[in-house]
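Now for the letters of each chain:
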Amino acid sequence: MVELHEAVGIKRIGMLGIGAYRPERIVTNDEVCRQIDSSDEWIYTRTGIKSRRFARRDETVVEMGVKAGQTAIANALLSGADIDAVILATNTHMLLTPAGAVAISTELGANGVPAFDVTVGCAGFGYALSLAADMVRGGNAKHVLVIGAEQLSTTLDMTDRSNCFIFGDGAGAVVVGPTQEQGLGPVVWGSDGTQFDAIRQDIDWVTFLDGTDHAKRPYLRLEGTAVFRWAAFEMGKAAQRALDVAKVDASDIDVFVPHQANSRINELLARSLHFPESTVVANDIETTGNTSAASIPLAMEDLLSHGKAKPGDTALLLGYGAGLSYAAQVVTMPPVPFE
């Protein structure tokens, strides 16, 4: 029998660069309220959202992912030829096949590398980041581009007063690769299938295509109260476990980057984790809305670009959403992200 040798991986890994893309169109609460009985004050009080970005109808997840990926690669001081794999976290790539990551890899000059999509709702970026770390750690890649990109505006029923004001579009990306110090802690992840329907597509595509009532469309629906309770009470536990496995305390965390689903949930989580007053809590939701798998990288980029966080800061990432699924991880904020 031929003796098989294990791949030689890299032990110290982290995020080498970050990029973001936000569509040009800004949609205010007042604009959303033209089709629903609500107000800017009501929406902001309950969610912390003032506005969000909507992509053009002809602007795809792939296009947004390419733009965010280009910036992340440049900020990592690399080129597309240096990328060994591309992972796209998305729920709104509108083709079941082929994967959006394949098109993105080619556009970025990384044609021929493994490229695939991950669909895990709002926890997708955390899942993809962990998979990228394992690929580098296992020796199957040196540099992996991880992208979270969403065009949720295409999935919304803008007359649904329960959720049409929550979501937005955009893309964020990071490059994962070797670093001098360990920059990615162990992931704590999981799912709760007992609440499978709490965030869902209204009907499946077969039912829609075979149905006679085409007034019913596969819109995104959300059971807001159920999700709020689950996130507020369960995600603090997941975050604490991520701190424990990384062997750090809440006092060590410079930056808390939770999924930008609801600022009130994030305030509750921050208090339950007993962070010091100096800990910065991401609040990109105010002007970006909930961008699902793009939420965490967009929030990280926002903090860095506005000087609210620094390269090298210790951060706790916490993604949670459809599934219901979650992923938490202690990381080091990426170095030299901007010119």
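I will try to describe carefully the structure that is included in this document. Worth saying up front: this structure is predicted, and the values here are computed from it rather than measured.

Conventions we followed
- Residues numbered from 1 in each chain as written.
- Predicted model: local features only at pLDDT ≥ 70, side-chain atom pairs only at ≥ 80, totals over all residues.
- Heavy atoms only, no water.
- Disulfide = S-S within 2.5 Å.
- Buried < 20%, exposed > 50% of the residue type's maximum accessible area, 1.4 Å probe, protein only.
- Phe/Tyr/Trp six-rings, centres within 6.5 Å; stacked < 30°, edge-to-face > 60°.
- Helix = DSSP H or I, 4+ residues; strand = E, 2+ residues; numbered from the N terminus.
- Lys NZ or Arg CZ within 6 Å of the ring centre and 35° of its normal.
- Axes fitted to C-alpha atoms, helices over the stretch in contact; angles between N-to-C directions.
- Parallel < 35°, antiparallel > 145°, perpendicular 65-115°, else oblique.
- Left-handed = near helix turned anticlockwise from the far one by under 90°.
- Contact = heavy atoms within 4.5 Å.
- Nonpolar A, V, L, I, M, F, W, Y, C, P; charged D, E, K, R; others polar.

## With respect to the state of the cysteines
Two cysteines joined by a covalent bond between their sulfur atoms form a disulfide. All told, the structure shown has 0 disulfides when counted by the stated rule. Among the cysteines around Cys33, which has no disulfide bond, Cys164 carries the closest sulfur, lying 7.8 Å off. On the basis of relative accessibility, which here comes to 14%, the residue Cys33 falls in the buried class. The closest cysteine sulfur to the non-disulfide-bonded Cys122 is located on Cys164, 17 Å from its own sulfur.

## Digging into the packing of aromatic side chains
Counted according to the given criterion, the structure contains 3 aromatic pairs. Taking the centre distance of 4.9 Å and the plane angle of 50 degrees together, the rings of Tyr127 and Trp189 count as tilted. You can see Tyr127 sitting in helix 5 (residues 124-137) and its partner Trp189 sitting in strand 8 (residues 188-191), a full 62 residues away along the chain. A residue is classified by how much of its surface remains accessible, and Tyr127, at 16% relative accessible area, is buried. Judged by its relative accessible area of 34%, Trp189 is partly exposed. Of note, Lys50 hangs over the ring of Tyr44, and the distance from its end group to the ring centre comes to 5.2 Å. One cation-aromatic arrangement involves Arg161 over Trp42; the distance from NZ or CZ to the ring centre is 4.5 Å.

## Considerations on the packing of helix 7 (residues 224-245) against helix 8 (residues 263-272)
Look at helix 7 against helix 8: their axes get within 9 Å of each other, and the N-to-C directions meet at 20 degrees. The pairing of helix 7 with helix 8 is recorded here as roughly parallel in orientation. Once helix 7 is placed against helix 8, the crossing between them reads as right-handed. When helix 7 is examined against helix 8, the residues Phe228, Ala231, Ala232, Met235 and Gly236 are found in contact with a partner set consisting of Arg264, Ile265, Leu268, Leu269 and Ser272. By residue class, the composition of the contact of helix 7 with helix 8 is 7 nonpolar, 2 polar and 1 charged.

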